[in-house]
Amino acid sequence: MRNNISRFLQTRILRNLLLSTIIILITFPLINYVIIYPQFSRLIIEEREHDALYLATNISQELALSGQLTPETITNQTEQKIASYIEIFQLNKIKIFDSAGLTLYSTAAEDIGNVNENPYFHEVVAAGEQYSKVVAKDSVSLEGEIVTEDVVEIYVPIMENGRFLGAYEFYYNITDLQARLDTVSRNALLLLMGVGSGLLGIIGFMSVKIFRTEEYLRQMSQAVKQNPHTIMITDTNFVVTYVNPCFSEMTGAPKASVLKTQLQ
């Protein structure tokens, strides 16, 4: 076993092929999960953030803002428009908060009256910045709810003349997108494993062939050395490249004096 391993490592082409296969099998999954997968996930979030800003702008045009946000500023027309966005943009829920974090409106009526006291709301959103988070299925949302689907929670501040009046919260359903991303990532990994297995199979096949060839050549070499007849081997230019021990014994010519001489 040790001899086979030693011979394998001494075979340059097999060693390089094995090292290349190991590098591929290690680095590609790392690149996939460290760079590619997070990048695509980020693109999904960025697209939803763009949509959220568009929705917030359109809804705000329907609000009767007058320096503050109250239940009265949310008209029936506003509610109808919000309801139409739910299906169009694959939203699970839309909520509207006032500047103190009180839920003034929600497409889920049980949320109305709840107060958002989380730091991200009063420190980030209240400062006029969007805030987003991906929440996996069966995980806890930013407000402590268990979500039943993969969602992106996005908060968009409502500003008037530089003043923070409140915020929208959009629950984007990304279950299908996440499933597609996971499927592509899984298929890429399976393809890599298939390629890696194929390469390992080729390495194994080549190893057997090379080891058998080496063994055959070793046996032939022994047979030539032990042959009782004189044997001389030349290249195409008739330059002597080998003589067996019997040649030296029979002719009395030292091996070194014969090798590399050209026959006439």
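This is a predicted model, so every value here is computed, not measured.

We now examine the sheet that holds strand β1 (residues 91-98). Pairing is antiparallel across the open sheet formed by five strands, whose spatial order is β2-β1-β5-β4-β3. The sheet is open, and its two borders are formed by β2 (103-106) and β3 (131-135), each paired with just one other strand. Neighbour-to-neighbour, the strand axes of the sheet open up by a mean angle of 20 degrees, direction not taken into account. Relative to strand β4 (residues 151-160), β3 is paired through five bridges, and the arrangement is antiparallel. The partner of Val 134 across the bridge, within β4, is Val 152.

A few words now on the nonpolar core. Side chains of nonpolar character tend, in soluble globular proteins, to be buried together. In terms of nonpolar packing, the biggest core is built from 27 residues, with Leu 91, Ile 96, Tyr 168, Phe 170 and Tyr 172 touching the most fellow members. Only α2 (12-60), α3 (76-88), β1, β2, β4 and β5 (163-173) provide two or more residues apiece to this core. When residues in this core are grouped by element, the largest group, six residues, is from α2. When sequence neighbours within four positions are dropped, the list of residues in contact with Ile 96 reads Leu 69, Ile 74, Ile 82, Leu 102, Thr 103, Leu 104, Tyr 105, Ile 158, Ala 167 and Tyr 168. By size, the runner-up hydrophobic cluster in this structure holds eight residues, among which are Val 125, Tyr 155, Phe 164 and Ala 167.

Once that is clear, we can look at the environment of Phe 97. Along the chain, Phe 97 falls in strand β1. Phe 97 sits in the buried class, given a relative accessible area of 0%. When the C-alpha positions of Phe 97 and Leu 69 are compared, they lie 8.2 Å apart, and in sequence the two are 28 residues distant. Residues in contact with Phe 97, not counting those within four places in the same chain, are Leu 69, Leu 102, Thr 103, Leu 104, Asn 116, Phe 121, Glu 143, Tyr 155, Leu 165, Gly 166, Ala 167 and Glu 169.

Among the ten residues in β4, eight count as buried, and that is most of the element. Pairing of β4 with β5 involves ten bridges; the strand directions are antiparallel. Following the sheet pairing, Val 151 is matched in β5 by Asn 173. Counted between consecutive antiparallel strands, the loop separating β4 from β5 contains two residues, among which Asn 161 sits at a positive phi close to 55 degrees.

What follows concerns the pairing of strand β7 (residues 240-243). As judged from the three bridges shared by strand β6 (residues 232-234) and β7, these two strands associate in the antiparallel manner. Bridging across to β7, Ile 233 finds its partner in Tyr 242. Between β6 and β7, which pair antiparallel and follow one another directly, the connecting turn spans five residues, one of which, Phe 238, has a positive phi of 65 degrees.

Cut-off values and rules
- Residues numbered from 1 in each chain as written.
- Predicted model: local features only at pLDDT ≥ 70, side-chain atom pairs only at ≥ 80, totals over all residues.
- Heavy atoms only, no water.
- Pairing = 2+ DSSP bridges.
- Helix = DSSP H or I, 4+ residues; strand = E, 2+ residues; numbered from the N terminus.
- Axes fitted to C-alpha atoms, helices over the stretch in contact; angles between N-to-C directions.
- Core = buried A, V, L, I, M, F, W, Y, C linked by side-chain atoms within 4.5 Å.
- Buried < 20%, exposed > 50% of the residue type's maximum accessible area, 1.4 Å probe, protein only.
- Contact = heavy atoms within 4.5 Å.

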